[in-house]
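Residues per chain are reported as follows:
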Amino acid sequence: MADQNPIYGPFFGVMGAASAIIFSSLGAAYGTAKAGTGIAAMSVMRPELIMKSIIPVVMAGIIAIYGLVVAVLISGALGDSTKYTAYKGFIHLGAGLAVGFSGLAAGFAIGIVGDAGVRGTAQQPRLFVGMILILIFAEVLGLYGLIVAIYLYTK
Amino acid sequence: MFNINSNISNPAGPFSQMSNTDSTPIMQAPEPAGPSNSGQERPDLEVLTTVFYYCFTIIVMPVLSFFVTKHIVFGGMFGVDSVTSNVYSAIAAIIVVHISLAMFIKRAYSEADRVKPQKQD
């Protein structure tokens, strides 16, 4: 019993929930800030394009929603060490790290692509479709991490 | 179509203080626009309302749909256990947020097409 349910078992689960939201928010914050500087520089000349240019910021926000979902899932399953095995703690730590670092990578990609994309869209509006496609492919990186995290969570 | 970067040879423009680590040349401020320029664009309040509506939808709807589906649909009506209802609720929330995002992109795309013919230089 004691080797299955050590006192430090829930520590890993808590760290998983924390790292899910921390790293996802880190990526989302970088994406928002980087794309936001591009929007601010672009809007000086083309203020009518602001609504189109908000899309990278919204997509970066969705990265944080991925982390939020996984953090809420893990937090709902946390419990006292008497009924929370170390194996569940490891599983939850892995799930949190999966969605966290995938969200960090996706947020970096969205920020850089969004910055260059909105600056380019101001000069060539036909770039918009390409920018959306690249942003979706960057967003899907975070979605892969979410899928792995949910799949781990069901173990 | 105006040339945005026509003044590259003069890097110390009026907005050079806004420069960040990006090496793209900072756009120069346009000539002071006359009052006739502001009449072509849609009212700012309408754009603000639209953006707030979609941002509210994208932020609130997934969280709402997660807890609604968890506690009412899967937990209450179907009576599945906790882990399964959590997973299905999370999937429902992610689907809802992507539907909201698709609606926002569609709106932004059609918005730009509607504004573009009015633009002149």
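Heads up: these notes are all about the structure in this document. (Residues numbered from 1 in each chain as written. Chains lettered and ligands numbered in written order. Predicted model: local features only at pLDDT ≥ 70, side-chain atom pairs only at ≥ 80, totals over all residues. Heavy atoms only, no water.)

Some words on the overall build of chain B
Here's step 1: Looking only at helices and strands, chain B features 2 helices and 0 strands.
Here's step 2: Contacts spanning at least 24 positions in sequence make up 52% of the contacts within chain B whose residues lie at least 6 apart.
Here's step 3: Surface exposure of chain B reaches about 8000 Å², of which carbon and sulfur atoms provide 64%. (Helix = DSSP H or I, 4+ residues; strand = E, 2+ residues; numbered from the N terminus. Contact = heavy atoms within 4.5 Å. Areas by Shrake-Rupley, 256 points an atom, 1.4 Å probe, with all protein chains shown as cover.)

Some thoughts on the packing of aromatic side chains
Aromatic ring pairs: the centre-centre distance and the angle between the two ring planes describe each pair.
Residue and element names in this part refer to chain A.
Here's step 1: Here the structure, examined in full by the defined rule, presents 9 aromatic pairs over all chains.
Here's step 2: Centroid distance Tyr 30 to Phe 108: 4.2 Å. Interplanar angle 15 degrees. Geometry classified as stacked. You can see Tyr 30 sitting in helix H1 (residues 9–43) and its partner Phe 108 sitting in helix H4 (residues 86–123), a full 78 residues away along the chain.
Here's step 3: Classification of Tyr 30 by relative accessible area gives partly exposed; the value is 30%.
Here's step 4: An aromatic cluster is defined as three or more aromatic residues linked by ring pairs; in this entry it consists of Tyr 8, Phe 11, Phe 12 and Phe 90.
Here's step 5: Over the aromatic face of Phe 128 sits the side chain of Lys 52, whose NZ or CZ is 4.4 Å from the ring centroid. (Phe/Tyr/Trp six-rings, centres within 6.5 Å; stacked < 30°, edge-to-face > 60°. Buried < 20%, exposed > 50% of the residue type's maximum accessible area, 1.4 Å probe, protein only. Lys NZ or Arg CZ within 6 Å of the ring centre and 35° of its normal.)

Remarks on the packing of H1(A) against H4(A)
Residues and elements named next belong to chain A.
Here's step 1: Relative orientation of the contacting elements H1 and H4 amounts to 0 degrees, with a least axis distance of 7 Å. Classified by the angle between their axes, H1 and H4 sit roughly parallel to one another.
Here's step 2: Looking at the contact of H1 with H4, its residues break down into 21 nonpolar, 17 polar and 3 charged. (Axes fitted to C-alpha atoms, helices over the stretch in contact; angles between N-to-C directions. Parallel < 35°, antiparallel > 145°, perpendicular 65-115°, else oblique. Nonpolar A, V, L, I, M, F, W, Y, C, P; charged D, E, K, R; others polar.)

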